[in-house]
Amino acid sequence: MSERVDLLVVGGGTAGLPAAAEAAEQGLDVLLVEKADRLGGTLWRSWAQMAAAGTGLQRTRGIRDTPDLHYDDVMRISRGTADPDLVRLAVDHAAETVDRLMSAGFDMDPDAPAVLYFHEPYSVARTYWGREAGKSVLDVLLPRVRGLADRGRIRVRTRTALTGLRGGGGPSVEAAVLRDAAGAVEEVEAGAVVLTTGGYAGNPGLFPLLTGGAPLRGPAAETSAGDGILAALSLGARLRGSDMFLPTYGGTLRAGSDWETAHLDDFPQLTPQERPPWEIHVNRSGLRFVAEDDASVDVREHALARQRGVEFWVVYDQRAVEEAPPLFPSWGEADLERAFTGNPSFTRADDLDSLAEAAGIDPQGLRLTVREYNRAVAGGGDPLGRTHLPAPLERGPFYAVRNHGTVLKSPAGLAVDGRLRVLGDDGRPFTNLYAAGEALGGSSMSGRSFVSGMSVTPALSFGRLIGRAAAGEDQHWRP
Ligand SMILES: Cc1cc2nc3c(=O)[nH]c(=O)nc-3n(C[C@H](O)[C@H](O)[C@H](O)COP(=O)(O)OP(=O)(O)OC[C@H]3O[C@@H](n4cnc5c(N)ncnc54)[C@H](O)[C@@H]3O)c2cc1C
């Protein structure tokens, strides 16, 4: 046995950084271990949109909002499938999270808070984001942790991975097994352990096993490998949310990868409130499966979840290229040309049959679908109820971009009690094993749906709460 600490925080990302900082500021001896070579986790690539009701910024803008309204919105959007107790805890502490970021100099985008449409919209403007997305959050969190580390209040070890947990008497954890980059293995005894290792949306092998067989395609980091979830499961923890898979609507694969998609900023713009569609969306049979302009992204996501392979093709013609707003707003002509010449998800052909053949879509289905769609454009009425029908698809060359139901956060995770202590299979909490962030399963906060800001904000808040609780500051659970 080489060392003993008051609190071991495993994973230095969105939830782990505030957990470690808060506990150290309360006087605990904290060891923060991070398997990557830098702290920050998913915040390096996340949009980090946050949601909070009753913030100072809302008051300044005259927006009336309360945690109760926020709670009602989350439960409405998730159709009651989110975890009511955890959502309650999250909405009650969200305003403090955003207000504290602001007092620490957070670089808030001047357009925030707003109602956004990438996910099903809230009824009130309560989504916030930094001018540099997740990096703006890190610009606040990292100096705080580094300052504590410089003063010897937190010990930080990067390139050090948790590989297992050792249980104590009763449902508790006694020690953690860590491995550093050189392969040296060490056991650390801890008064309490916090699992903030993220989800498993970067682990294509594990994803279907924990998610009812659903395929993984997405832009998450490979560090999101499910390590903390697996370590707790092997200690007898309970998994929840395996049946809560819902894909995000769209996203293309990187050339050469069968699961990793382009960065989220480079996804096609398929949100009809941002860009009414000029294209049709078809499945492998060449058939449309939803009104492409349906205002509810939840409706479109559930329709996609029912398609074979959870994939679809966005099909358009030369006229759309010339007249429509750009489908890939972040790309220039050279980027598009590179995609259509070097990425198998992007297909271009002179006629529809050749396009279908090259893309792997049923040609007869596509031909019939386009004929029916063009009839709807000519005034025949769209059988799927689409109302934005700007132009027929008739002028070659034709284009097909293979899209997927993608995963930004993994749905299943560790069941916890109201104090974020990991629950065993028998329903009893491990007395000193906590979890926060995506290790709880993305579906805990949004059920079988997606609710704006309900990953990053709860991760930050719950990290802070655990840091305080570990230091005996339990009165903070109720704001
Ligand atoms: C592209 C993208 C955009 C997103 N946009 C939003 C958004 O706008 N709003 C929102 O609410 N959510 C968003 N999300 C989801 C959200 O960002 C994540 O759910 C959240 O950041 C996860 O926080 P976390 O602390 O659980 O994990 P992370 O921030 O990923 O931190 C986990 C850390 O643990 C480390 N780790 C893992 N295993 C080990 C181990 N064995 N030992 C030691 N360390 C380990 C990892 O390296 C990592 O640093 C997005 C996700 C993606 C991928």
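Residues numbered from 1 in each chain as written. Predicted model: local features only at pLDDT ≥ 70, side-chain atom pairs only at ≥ 80, totals over all residues. Heavy atoms only, no water.

## Re helix α8 (residues 297-305)
Reasoning step 1: What α8 keeps buried is the set Val 297, Asp 298, Arg 300, Glu 301, Ala 303 and Leu 304.
Reasoning step 2: Summarising the contacts, the buried residues of α8 are in contact with β10 (248-249), β12 (311-317) and β14 (398-406). (Buried < 20%, exposed > 50% of the residue type's maximum accessible area, 1.4 Å probe, protein only. Helix = DSSP H or I, 4+ residues; strand = E, 2+ residues; numbered from the N terminus. Contact = heavy atoms within 4.5 Å.)

## Side note on the site of the ligand
Reasoning step 1: Taken together, 34 residues lie near the ligand, and Thr 14, Glu 34, Thr 42, Glu 438 and Val 456 sit nearest.
Reasoning step 2: Between the ligand and Thr 196 there is a distance of 3.5 Å, counted from an oxygen atom to a backbone nitrogen or oxygen.
Reasoning step 3: Here an oxygen atom of the ligand sits 3.0 Å away from a polar atom, N or O, in the main chain of Ser 455.
Reasoning step 4: Across the complex, the protein chains shield 97% of the 1000 Å² of accessible surface that the ligand would expose by itself.
Reasoning step 5: Examining the composition of the shell around the ligand, we find that three residues originate from one element, strand β6 (residues 160-167), more than from any other.
Reasoning step 6: Partitioned by chemical class, the residues of the shell around the ligand number 13 nonpolar, 16 polar and five charged. (Near = heavy atom within 4 Å. Polar contact = N/O pair within 3.5 Å; in protein donor to acceptor, adjacent residues only side chain to side chain. Areas by Shrake-Rupley, 256 points an atom, 1.4 Å probe, with all protein chains shown as cover. Nonpolar A, V, L, I, M, F, W, Y, C, P; charged D, E, K, R; others polar.)

## A word on the packing of aromatic side chains
Reasoning step 1: Under the counting rule described, the total for this entry stands at 11 aromatic pairs.
Reasoning step 2: Within the aromatic cluster, the residues linked to one another by ring pairs are Tyr 316, Phe 328, Trp 331, Phe 340, Phe 346 and Tyr 399.
Reasoning step 3: In this structure, Arg 38 is placed above the aromatic ring of Trp 44, and the distance from its NZ or CZ to the ring centre is 4.0 Å.
Reasoning step 4: In this structure, Arg 88 is placed above the aromatic ring of Tyr 71, and the distance from its NZ or CZ to the ring centre is 5.1 Å. (Phe/Tyr/Trp six-rings, centres within 6.5 Å; stacked < 30°, edge-to-face > 60°. Lys NZ or Arg CZ within 6 Å of the ring centre and 35° of its normal.)

## Concerning the nonpolar core
Reasoning step 1: Among the nonpolar cores identified, the biggest contains 101 residues, and Leu 165, Leu 195 and Phe 462 are the most heavily contacted of them.
Reasoning step 2: A total of eight residues in this core trace back to one element, the largest contributor, which is helix α4 (residues 84-103).
Reasoning step 3: Look past the residues within four positions of Phe 462 in its chain and what remains in contact with it is Leu 86, Leu 89, Ala 90, Leu 420, Ala 436, Leu 440 and Met 445.
Reasoning step 4: Core analysis: the second largest hydrophobic core is formed by 22 residues, Tyr 249, Phe 289, Val 290 and Phe 346 among them. (Core = buried A, V, L, I, M, F, W, Y, C linked by side-chain atoms within 4.5 Å.)

## Quick look at the UniProt feature "domain: FAD-dependent oxidoreductase 2 FAD-binding" (unreviewed entry) in the protein
Reasoning step 1: Listed under "domain: FAD-dependent oxidoreductase 2 FAD-binding" (unreviewed entry) in the UniProt record, and renumbered for this structure, are residues 6-447.
Reasoning step 2: Secondary structure across residues 6-447 comprises 30% helix and 19% strand; the distance between its end C-alpha atoms is 34 Å. (UniProt positions renumbered as here; feature names shortened; annotations may be inferred.)

## Observations regarding the environment of Arg 348
Reasoning step 1: Tracing the chain through its elements places Arg 348 in strand β13 (residues 346-349).
Reasoning step 2: When the C-alpha atoms of Arg 348 and Gly 62 are compared, they prove to be 50 Å apart, with 286 residues separating the residues in sequence.
Reasoning step 3: In this structure Arg 348 touches Glu 337, Phe 340, Thr 341, Leu 355, Pro 397, Phe 398 and Tyr 399, once residues within four positions along its chain are discounted.
Reasoning step 4: One polar contact links Arg 348 to Glu 337, side chain to side chain, over a distance of 3.1 Å.

## Regarding the domain arrangement of the protein
Reasoning step 1: The assigned domain composition of the protein is domain 1 (3-242 + 409-477) and domain 2 (248-406).
Reasoning step 2: Its C-alpha centre places domain 1 at a distance of 35 Å from the equivalent point of domain 2.
Reasoning step 3: In this complex, domain 1 contributes 20 residues to the contact, which on the side of domain 2 involves 22 residues.
Reasoning step 4: Of the roughly 1900 Å² buried between domain 1 and domain 2, counting both surfaces, carbon and sulfur atoms make up 57%.
Reasoning step 5: For the domain 1 face of the interface with domain 2, the top three residues by lost area are Tyr 117, Phe 118 and Arg 217, together amounting to 33%.
Reasoning step 6: Summed over the shared surface of domain 1 and domain 2, the number is one salt bridge. (Domains from an automatic or database assignment. Buried area = accessible area lost by both parts, 1.4 Å probe. Salt bridge = Lys/Arg side-chain N within 4 Å of Asp/Glu carboxyl O.)

## Focus on the layout of surface pockets
Reasoning step 1: Computed from the structure, the second largest pocket encloses a volume of approximately 450 Å³.
Reasoning step 2: Along the wall of the second largest pocket there are 21 residues; nearest its centre are Trp 47, Phe 118, Gln 269, Thr 271 and Glu 274.
Reasoning step 3: At the level of secondary structure, the elements contributing two or more residues to the lining of the second largest pocket comprise β10 and α8.
Reasoning step 4: Grouping the amino acids of the lining of the second largest pocket by side-chain chemistry returns 11 nonpolar, six polar and four charged.
Reasoning step 5: The two domains that each donate at least three residues to the lining of the second largest pocket are domain 1 (3-242 + 409-477) and domain 2 (248-406). (1 Å grid on protein atoms, 1.4 Å probe; cavity = no way out; pocket = protein on both sides within 12 Å on 5 of 7 lines; lining within 4 Å. Points joined across faces, edges and corners; volume = space filled by probe spheres on them.)

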